[in-house]
Amino acid sequence: MNAPRCIPLEAVTNEAVGGKAEGLARLLRYGFEVPPGFVIQGATETTLPSDLEAQYLRLGGGKVAVRSSAIGEDSGDASFAGQYETVLNVEGIDALGAAIADCARSLQSAGATAYRDRKLGEGEVRMNVVVQQMVDARAAGVLFTANPMSSRRDQIVVDAVPGLGETLVSGRATPDHWILRRDGTVVDGEIQGEEPVLSEAERILLLDGALRAEEHYGAPLDMEWAIDRAGELRWLQARPITRLPADPNELDTHPDPSHVYTWCNIGEMMPGAVTPLTYSVTGRGIDLGMQSSYRRSGVSVPPGEGLRYVGMFFGHLFLNLTTLSEIAADVAGSTKAQMCIALCGRDIDEIPEPQPAPKLKRAMSGARYFYQLSRGAKHRRDLEALVASLSLPGPGKSDAVYRAIDKELPKVWKAYELHLLSSSSSGAISPILLGILAKGEEPTQEHHAQVAEMLAGAKDVESADIAEGAERIIDKLLAHPDSKSAFVSATPEAALRWIQSGDAGDAGGELERYLARHGHRAVRELELRQRGWADDPTPLITSLQSGLRARLQYGTRARPEEQPRRSTDHPVLRRLLPIAHAAIRCREQTKSGLVAVTTAFKHAYRALGASMEAEGLLPDEDAVFFLTHEELGELVRGRRELAELAVSRRRVIDYQMPLHFPEIFCDRPEPLRLEPVQREDGTLVGKPVSRGVVTGRARIVETLEEAAELQAGEILIAPITDVGWTPYFSLIAGLATDVGSAVSHGAVVAREYGLPAVVNLRSATSHYRTGDLVTLDGDRGTLKRA
């Protein structure tokens, strides 16, 4: 082993002296103010470098900081924060020798050894020790050039304490805390004392330096700093932020700042964050399907296959209302207000009225548009034929599997086109009904409730059979003498094995028929990563257990008695209602077909993921969903670094998933905390979508796992419900959601079941707690404590 030796920081050229020393040397080379110092390479407890005293005197012989710089420390994979020794305010050569020995000894401490073996594996590691002139700090702290909690690269985090930063990194002091934008704007701040530790000018000084360092490093940094009594800034550390996931805004749309976006409609169709693969397939499919259907209607959509109507921010999908309003410019009988009401339930003033096309073009386009609306049955048959024509691969060589998927991918665009064409009439009919009732004025809550009651007359709706089919299975289970012990009291996995065995009798056959019809459905069913019930019946079994438990307890179905519906004397409404009901049925049928197409591609992409895992291209099958379709092709063709990117993206989706955004916004949105729209008495106000008033215990449910706790007669309060939740609808007494619309699947099934329902309550899931006694008013669109 070579003897320990001293190297001035300015002479360090590589990482052989450890990450901390190398980081300080880089800062010096980039022109940053770093306290003068040296590094002892190969420091030991017993042997000191021969020139240690000379190097110490070169620093002035006063107080110094002695810090570890072991190999692997301060790297992108392992920070070793607090694992090795740091000694501050060391003065005198004897004290310096003792501090160096302390640092060297810490290499073999139990905590450091366990951490090192877990992070770097077993092996010999040498200790290096940095010795620097001590900064007489007025303030000190840490700075991250990306937010380590959210991975956002557009935010800078600064923590500051008075005096030495050791009290901060050791956890003995609570710092002033700022989150800054890159232009220095304060996003959030928390001050501990009467006055902030840092002035605005000092924050900007830190920000400018950190951004400059990040540019040199080419990666987000974790930096330590101190400001001395004279107001001079000194940089004490720069290292990559350890295990920072991918940027949650990496795949964001680059919007026109004047364009208006919304999560309405698409947020119900695709709730939460989507995976990159889903964005490149489903998101693109929605957009290209819109473009094709608009062109069929005579709308002047620019050529090309770039995304025009769908945007993505923070992994969530949004609709571009500005570009969507072009249909109002080209199609007679269509207005910007109607488009906004169909999507958002109200007109959006932020969207300018589009410049109308010449009257002849509008008339011709209007005729083509209404012709397409009348051909819903034809579009449904075409989609059924498309489903039958799919030819997607199973397991095989990854390059062959990818080419086969890529060849079939245009059928996804076609499926969305056919679904959007067949469902356009259901989207168009609601604003027409509202307009007739409101007589040209802004629709009231009562008008929305009346439309909801009218739409409730639709029969034989595909999504409603998801709940009815679950009830049929429960009926068969009730007739079996062993259902309580073998099904209700069992784990979902054991219950599934029993019902699929011959021991379950007719119940097993009913489940088999149910999965044959609805097995491709699921919660978030257009997300490619989400398995359908046929592939993973566990969520369905859990809902059946809850339903059967309630039936055993109460003896009858929890479905409320159907209330008589008022007829309308309005001649136009009487003619429109059968058309509206047929449009809803058609939309639900083609949605099922669209999900069937998506499910076929889910299976194909999983086969691709399995092949890539077997060939060493991906670490596991699931990683396939965190690259776009195009990137998967690049990976197959040899771009191996994409595997690491997929893993990094997977680690950020838990941050993206629960984010909420303004209903309407321009340019880029900023995630927000949902603020309730409430009256002085605390009543939340939303949009009524299914009539009726009910009082019952609240059940707050944000995941399907939580839904398993639902009891008969409870009022389900959820962020959103899609078709995957419907097996629970026979159990509940009412439905309240943070977001939604009158034509969402949850609203459709609620009306079919006669359940009072209110959507767009914005913050009901955080405003109430499970067990609260609440009154849900589906006539007035309110939810309040009883």
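In the block above lies the structure referred to throughout.
Residues numbered from 1 in each chain as written. Predicted model: local features only at pLDDT ≥ 70, side-chain atom pairs only at ≥ 80, totals over all residues. Heavy atoms only, no water.

A.B. asks: Go over the overall build of the protein chain, please, and point to the residues and values.
C.D. replies: Looking only at helices and strands, the protein chain has 28 helices and 23 strands in total. Residues counted as buried form 57% of the 786 residues belonging to the protein chain. By sequence separation, contacts in the protein chain at least 24 residues apart represent 69% of the contacts at least 6 residues apart. A total accessible area of about 32,600 Å² is found for the protein chain, and carbon and sulfur atoms account for 50% of it. (Helix = DSSP H or I, 4+ residues; strand = E, 2+ residues; numbered from the N terminus. Buried < 20%, exposed > 50% of the residue type's maximum accessible area, 1.4 Å probe, protein only. Contact = heavy atoms within 4.5 Å. Areas by Shrake-Rupley, 256 points an atom, 1.4 Å probe, with all protein chains shown as cover.)

A.B. asks: Give a description of the pairing of strand β5 (residues 129-133) that names residues and reports values.
C.D. replies: The element β5 is extensively covered by neighbouring structure, given that four of its five residues are classed as buried. The sheet contact formed by strand β3 (residues 64-68) and β5 spans five bridges and is antiparallel. If you follow A65 over to β5, its bridge partner there is Q132. (Pairing = 2+ DSSP bridges.)

A.B. asks: Help me get a handle on a negative patch on the surface, residues and values and all.
C.D. replies: A contiguous patch of negative charge on the surface is contributed by E702, E705, E706 and E709. By secondary structure assignment, the location of E702 is in the loop between β18 (693-700) and α26 (704-707). (Patch = residues over 30% accessible without salt bridge, like charges linked within 9 Å, V, L, I, M, F, W, Y side chains within 5 Å. Salt bridge = Lys/Arg side-chain N within 4 Å of Asp/Glu carboxyl O. Lys, Arg positive; Asp, Glu negative; His and termini not counted. Charge placed at Lys NZ, Arg CZ, Asp CG, Glu CD.)

A.B. asks: How would you sum up the side chain of S611? Please name residues and give values.
C.D. replies: By the secondary structure assignment, S611 is in helix α22 (residues 571-614). Setting aside its immediate chain neighbours within four residues, S611 contacts P395, G396, S398 and V401.

A.B. asks: Requested: an account of the sheet that holds β5, with residues and values cited.
C.D. replies: Read across the open sheet, the five strands follow the order β1-β2-β5-β3-β4; overall the sheet is antiparallel. Because the sheet does not close on itself, it has two edges, and the strands there are β1 (5-8) and β4 (86-90). Strand-to-strand, the axes of this sheet are offset by a mean angle of 20°, without reference to chain direction. Taken together, the four bridges between strand β2 (residues 37-41) and β5 define a ladder with antiparallel strand orientation. Bridge pairing in β5 links F38 to V131. In the packing of helix α3 (residues 93-105) onto the sheet, the strands contacted are β2, β3, β4 and β5, and the crossing angle to β3 comes to about 20°. (Axes fitted to C-alpha atoms, helices over the stretch in contact; angles between N-to-C directions.)

A.B. asks: Explain helix α1 (residues 19-29) residue by residue, including any values.
C.D. replies: The buried count for α1 comes to nine of eleven residues, which makes it a mostly enclosed element. Contacts made by the buried residues of α1 are with β2, β3, β5, α6 (200-217), β10 (221-228) and β11 (233-240). One or two residues past the end of α1 sits G31, with phi positive at roughly 90°.

A.B. asks: An account of the sheet that holds β18 is requested, with residue identities and associated values reported.
C.D. replies: Spatial ordering of the open sheet is given by β16-β23-β22-β18-β19-β20-β21-β17, a layout of eight strands whose pairing is mixed. Two strands in the sheet have a free side with no partner beyond their single neighbour: β16 (684-685) and β17 (687-690). Judged from the four bridges that link them, strand β22 (residues 773-777) and strand β23 (residues 782-785) form a sheet pairing that is antiparallel. Each residue of the ladder has a partner; that of L776, found in β23, is L783.

These results come straight from atomic positions and should not be treated as a statement about function.
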